[in-house]
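Here's the letter readout for the chains.
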Amino acid sequence: MAARRPIRGTGSTIDEATEFFSDFFAAECRVLEASFGGEGSFEKLHDQMQSMLWDPRVYEIHRTNLSNLKGMAKAGVENTRKALAPRQIFLVEQHGAGKRKLFCAYVSVARKPDAKSFYEEKFWADDSLRIVAVYFACPECDALGKINGAKCRECGGRGWRHHGGGESITAGKPTKVKKLVRPTFPQHAEHYNEL
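Note that the coordinates shown come from a computational prediction; the quantities given were computed from them, not determined experimentally.

## Focus on the overall build of the chain
Line of reasoning, step 1. In terms of helices and strands, the chain carries four helices and eight strands.
Line of reasoning, step 2. For the chain, the sequential pattern of α-helices and β-strands runs α-α-α-β-β-β-β-β-β-β-β-α.
Line of reasoning, step 3. Burial statistics for the chain: of 195 residues in total, 41% are counted as buried.
Line of reasoning, step 4. Partitioning the contacts of the chain with sequence separation of at least 6, the portion at a separation of at least 24 is 61%.

## Here we look at the packing of helix H1 (residues 14–37) against helix H2 (residues 42–50)
Line of reasoning, step 1. Taken N-terminus to C-terminus, the directions of H1 and H2 make an angle of 160°; their axes are 9 Å apart at the nearest point. Classified by the angle between their axes, H1 and H2 sit roughly antiparallel to one another. The hand of the H1/H2 crossing is left-handed. Contacts from Phe24, Ala27, Glu28, Arg30, Val31, Ala34 and Ser35 in H1 reach Phe42, Leu45, His46 and Met49 in H2.

## Some thoughts on the nonpolar core
Line of reasoning, step 1. Counting residues in each nonpolar core, the largest one holds 32 residues, and the members touching the most others are Phe21, Phe24, Tyr59, Phe123 and Ile131.
Line of reasoning, step 2. In terms of residue count, the dominant contributor to this core is H1 (twelve residues).
Line of reasoning, step 3. Other than its neighbours up to four places away in sequence, phenylalanine 123 contacts Phe21, Phe24, Phe25, Tyr59, Arg87, Phe103, Cys104, Ala105, Val107, Ile131, Ala133 and Val134.
Line of reasoning, step 4. Trp124, Val132, Ala137 and Ala143 belong to the second-largest nonpolar core, a separate cluster that totals 15 residues.

## Observations concerning the sheet that holds strand S3 (residues 121–126)
Line of reasoning, step 1. Pairing in this open sheet of six strands is antiparallel, and the strands run S7-S4-S3-S2-S1-S8 from one edge to the other. With one partner strand each, in any of the chains shown, strand S7 (160–162) and strand S8 (176–179) form the two edges of the open sheet. Going across the sheet, the axis of each strand differs from the next one's by a mean of 25°, ignoring polarity.
Line of reasoning, step 2. Across the sheet, H1 lies against strand S1 (89–97), strand S2 (100–107), S3, strand S4 (131–137) and S8, angled at about 130° from S1, the strand it touches most.
Line of reasoning, step 3. In the packing of helix H4 (residues 186–194) onto the sheet, the strands contacted are S1, S2 and S8, and the crossing angle to S1 comes to about 50°.

## A closer look at the side chain of histidine 95
Line of reasoning, step 1. By the element assignment, histidine 95 lies in strand S1.
Line of reasoning, step 2. Of the residues examined, histidine 95 reaches a relative accessible area of 3% and is grouped as buried.
Line of reasoning, step 3. Here glycine 172 takes part through its backbone oxygen, which lies 3.1 Å from a polar atom of the side chain of histidine 95.
Line of reasoning, step 4. With sequence-adjacent residues up to four places away left out, histidine 95 is seen in contact with Arg100, Lys101, Leu102, Cys104, Trp124, Ala171, Gly172, Lys173, Pro174 and Thr175.

## Here we look at the pattern of salt bridges
Proximity of charged atoms lets side chains of opposite charge pair with each other.
Line of reasoning, step 1. In this structure the tally under the stated criterion is eight salt bridges.
Line of reasoning, step 2. Residue aspartate 15 is joined to lysine 178 by a salt bridge in which the shortest nitrogen-to-oxygen separation is 2.7 Å. Of this pair, aspartate 15 sits in helix H1 while lysine 178 sits in strand S8; the two residues are 163 residues apart in sequence, bridging distant segments of the chain.
Line of reasoning, step 3. Given the relative accessible area of 46%, aspartate 15 is considered partly exposed.
Line of reasoning, step 4. For lysine 178, a relative accessible area of 25% corresponds to the partly exposed category.
Line of reasoning, step 5. In this structure, aspartate 55 engages arginine 57 in a salt bridge whose closest nitrogen and oxygen atoms are separated by 2.8 Å.
Line of reasoning, step 6. Salt bridges sharing partners connect three or more residues here, namely Glu28, Arg87 and Glu121.

## What about the environment of glutamate 140?
Line of reasoning, step 1. Mapped onto the elements, glutamate 140 comes out in the loop between S4 and strand S5 (146–147).
Line of reasoning, step 2. Placed twelve residues apart in sequence, glutamate 140 and cysteine 152 show a C-alpha to C-alpha distance of 7.4 Å.
Line of reasoning, step 3. Leaving out residues up to four positions away in the same chain, glutamate 140 has contacts with Ile147, Cys152 and Glu154.

## Thoughts on the pairing of S4
Line of reasoning, step 1. Of all seven residues that make up S4, six are buried, and the element is covered over most of its length.
Line of reasoning, step 2. Pairing analysis gives five bridges linking S3 to S4, with the strands arranged antiparallel. Each residue of the ladder has a partner; that of glutamate 121, found in S4, is phenylalanine 136.
Line of reasoning, step 3. Taking the residues between adjacent antiparallel strands as the criterion, S3 and S4 are bridged by four residues, where leucine 129 takes a positive phi near 55°.

What counts and how
- Residues numbered from 1 in each chain as written.
- Predicted model: local features only at pLDDT ≥ 70, side-chain atom pairs only at ≥ 80, totals over all residues.
- Heavy atoms only, no water.
- Helix = DSSP H or I, 4+ residues; strand = E, 2+ residues; numbered from the N terminus.
- Buried < 20%, exposed > 50% of the residue type's maximum accessible area, 1.4 Å probe, protein only.
- Contact = heavy atoms within 4.5 Å.
- Axes fitted to C-alpha atoms, helices over the stretch in contact; angles between N-to-C directions.
- Parallel < 35°, antiparallel > 145°, perpendicular 65-115°, else oblique.
- Left-handed = near helix turned anticlockwise from the far one by under 90°.
- Core = buried A, V, L, I, M, F, W, Y, C linked by side-chain atoms within 4.5 Å.
- Pairing = 2+ DSSP bridges.
- Polar contact = N/O pair within 3.5 Å; in protein donor to acceptor, adjacent residues only side chain to side chain.
- Salt bridge = Lys/Arg side-chain N within 4 Å of Asp/Glu carboxyl O.

Below is the structure:
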């Protein structure tokens, strides 16, 4: 995979952003596989993935230490490795932020299809096609912002929590939406259908 070197503000399209997210999640999966396999290629693969980030602190994967694992712990890591697959991209939104474009991908966990039924995280890229922020679904309200009709106290009704490094994104309604795969989790499927 060749590293991309687009220039900020080049007018990236939602289709280009979708391709970028797909490339990024394939790279992420290779890094995870190398980590769980204890492979020497971890650093090289990790550097390639990091080149797709606006800043290295936006999203990090740490190498798994397999040296002390035995028995069930080692088997658990191997089972996790066997279940890895690039994240399912459910949809990609385009947002305007002044002269800048932002793209948001709603994605599953990095597992095989049986676990790809709900929104797990949102990855944001800007028009330079670099990841600028990551948000994860609130574990209390499942990214809905409400519990039994009341605002979720855990996330303040936002449904999403900032992952750490990277930008804090405030975006209104998307200007474009590219739907790819409808999630099966009922509330997320409803959100998908409403777009």
